[in-house]
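Residue-level listing of the chains:
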Amino acid sequence: MKILISSCLLGEDVRYDGNNSSIAFNPKFSFSLKELFMDILCENEIYSFCPEVAGGLSIPRIPAEIVKNDKPFIVKNQEGLDITINFLLGAKKALDICKDENIKVALLKANSPSCGNINIYDGTFSNNLIAGQGLTAKLLEENGIMVFNETQLKELNKFIKTNK
């Protein structure tokens, strides 16, 4: 199966702070989850993608949060600069890849203003999570692409096995 995966989860240093969110090297993940992740990588066709970088943002970059999560969306960085267009462009490019490559599932970074599929930060830069989706996760789901995050590896694996 073809899977779009957030580049940071694959160990690429594309996060806002110039680091990554590697599943394989994250001590918060058990060995069995790391092994499951590696099985998913080895048994499927992986498309690495970072919507924020694809949308024109630098590495590193000033942290950003969604301050208005319905149309018209507003994403601002911690200095107050509106960078919504970068997030929208990145989301559109992710959708284009999924459409061009017939990708039906994505594994994205939890809580991200681009990739969060269940929770996002509340827009106050105070580390408060609220229910909501990042702009890429939202656009993908609106277009029929199943979105999972790194805490849902077992659910992702079940989805893959039942949809092969």
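Calculation rules
- Counting restarts for each chain: residues are numbered from 1 in the order of the written sequence.
- Two thresholds apply to this predicted model, a pLDDT of at least 70 for residue-level local features and 80 or more for giving and counting side-chain atom pairs, whereas whole-chain, interface and lining totals are computed over all residues.
- Remark: hydrogens and water are excluded; side-chain values derive from all non-hydrogen atoms of the structure.
- Put simply, DSSP marks the helices as runs of H or I at least four residues long and the strands as runs of E at least two long, and each gets a number from the N terminus on.
- Only C-alpha atoms enter the radius of gyration; for comparison, a globular chain is expected to reach 2.2 Å times N to the power 0.38, where N is the number of residues.
- Any two residues whose heavy atoms approach within 4.5 Å at even a single point are treated as in contact.
- In short, Shrake-Rupley with a 1.4 Å probe defines the accessible areas, and a residue's cover is counted only from the protein chains shown.
- This count recognises Lys and Arg as positive and Asp and Glu as negative, with His and chain-terminal groups excluded.
- All charge positions are set by atom: Lys at NZ, Arg at CZ, Asp at CG, Glu at CD.
- Just to be clear on terms, a salt bridge is a Lys or Arg side-chain nitrogen sitting within 4 Å of an Asp or Glu carboxyl oxygen.
- Only protein chains enter the accessibility calculation, which uses a 1.4 Å probe. A residue is then buried if its area is under 20% of the maximum for its type, exposed if over 50%, and partly exposed in between.
- By nonpolar core is meant a set of buried Ala, Val, Leu, Ile, Met, Phe, Trp, Tyr and Cys residues that side-chain atoms within 4.5 Å join together.
- What counts as a ring pair is set by centres within 6.5 Å for rings of Phe, Tyr and Trp (its six-membered ring), and what kind of pair is set by the plane angle: stacked under 30 degrees, edge-to-face over 60, tilted for all other angles.

J.: What's the story with the overall build of the protein chain in this structure? I'm lost.
T.: Looking only at helices and strands, one finds five helices and eight strands in the protein chain. Secondary structure elements in the protein chain, listed N-terminal to C-terminal, are β-α-β-α-β-β-α-β-β-β-α-β-α. The C-alpha atoms of the protein chain give a radius of gyration of 15 Å, which matches the 15 Å a tight globule of 164 residues would have. For the protein chain, the spread of C-alpha atoms along the principal axes amounts to about 40 × 35 × 25 Å. Looking at the protein chain alone, contacts between residues at least 24 apart form 64% of all its contacts between residues at least 6 apart. Of the roughly 8,300 Å² of accessible surface on the protein chain, 53% is carried by carbon and sulfur atoms. Computing the positive centroid from 18 side-chain charges and the negative centroid from 20, the protein chain places the two 4 Å apart.

J.: Could you clarify how one ought to interpret the pattern of salt bridges in this entry?
T.: When the charged atoms of two side chains lie near each other, side chains of opposite charge can form a pair. Per the stated rule, a full pass over the model turns up seven salt bridges. The partner of K2 in a salt bridge is E101, and the shortest N-O contact between them spans 3.7 Å. With K2 in strand β1 (residues 2-6) and E101 in helix α3 (residues 84-101), this residue pair connects regions lying 99 residues apart in the sequence. For D17, the salt bridge goes to R15, with nearest N and O atoms at 2.9 Å. Note on D17: relative accessible area 31%, which makes it partly exposed. By relative accessible area, which is 24% here, R15 ends up partly exposed.

J.: When you look at the nonpolar core in this model, what are you seeing that I'm missing?
T.: As a rule of thumb, soluble globular proteins bury nonpolar side chains together. By size, the foremost hydrophobic cluster in this structure holds 18 residues, and its most contacted members are I3, I23, I40, L107, L153 and L156. Taken together, the elements giving at least two residues each to this core come down to β1, α1 (31-43), β5 (105-108) and α5 (153-162). Sort the elements by how many residues they give to this core and α5 lands first, with four residues. With near-sequence residues (within four places) excluded, I23 lies in contact with L9, F29, K34, F37, L107, E150 and L153. Of all hydrophobic cores here, the second largest spans 14 residues; its members include A94, I103, L108 and I145.

J.: Please explain the side chain of S21 as it appears in this structure.
T.: Summarising the element assignment, S21 is placed in the loop between β1 and α1. With relative accessibility at 10%, the residue S21 sits in the buried group. Filtering out sequence-adjacent residues up to four positions away, S21 remains in contact with C8, L9, R15 and K109.

J.: Please explain the packing of aromatic side chains as it appears in this structure.
T.: Each aromatic ring pair is characterised by the separation of its centres together with the angle its planes make. Per the stated rule, a full pass over the model turns up one aromatic pair. Taking 5.7 Å as the distance between ring centres and 55° as the angle between the ring planes, the aromatic pair formed by F148 and F159 counts as tilted. Taken as a pair, F148 in strand β8 (residues 146-149) and F159 in helix α5 lie far apart in primary sequence, 11 residues in all. Using a relative accessible area of 7% as the deciding quantity, one classes F148 as buried. We classify F159 as buried; its relative accessible area is 17%.

Everything listed here is a matter of geometry and, on its own, says nothing about what the molecule does.
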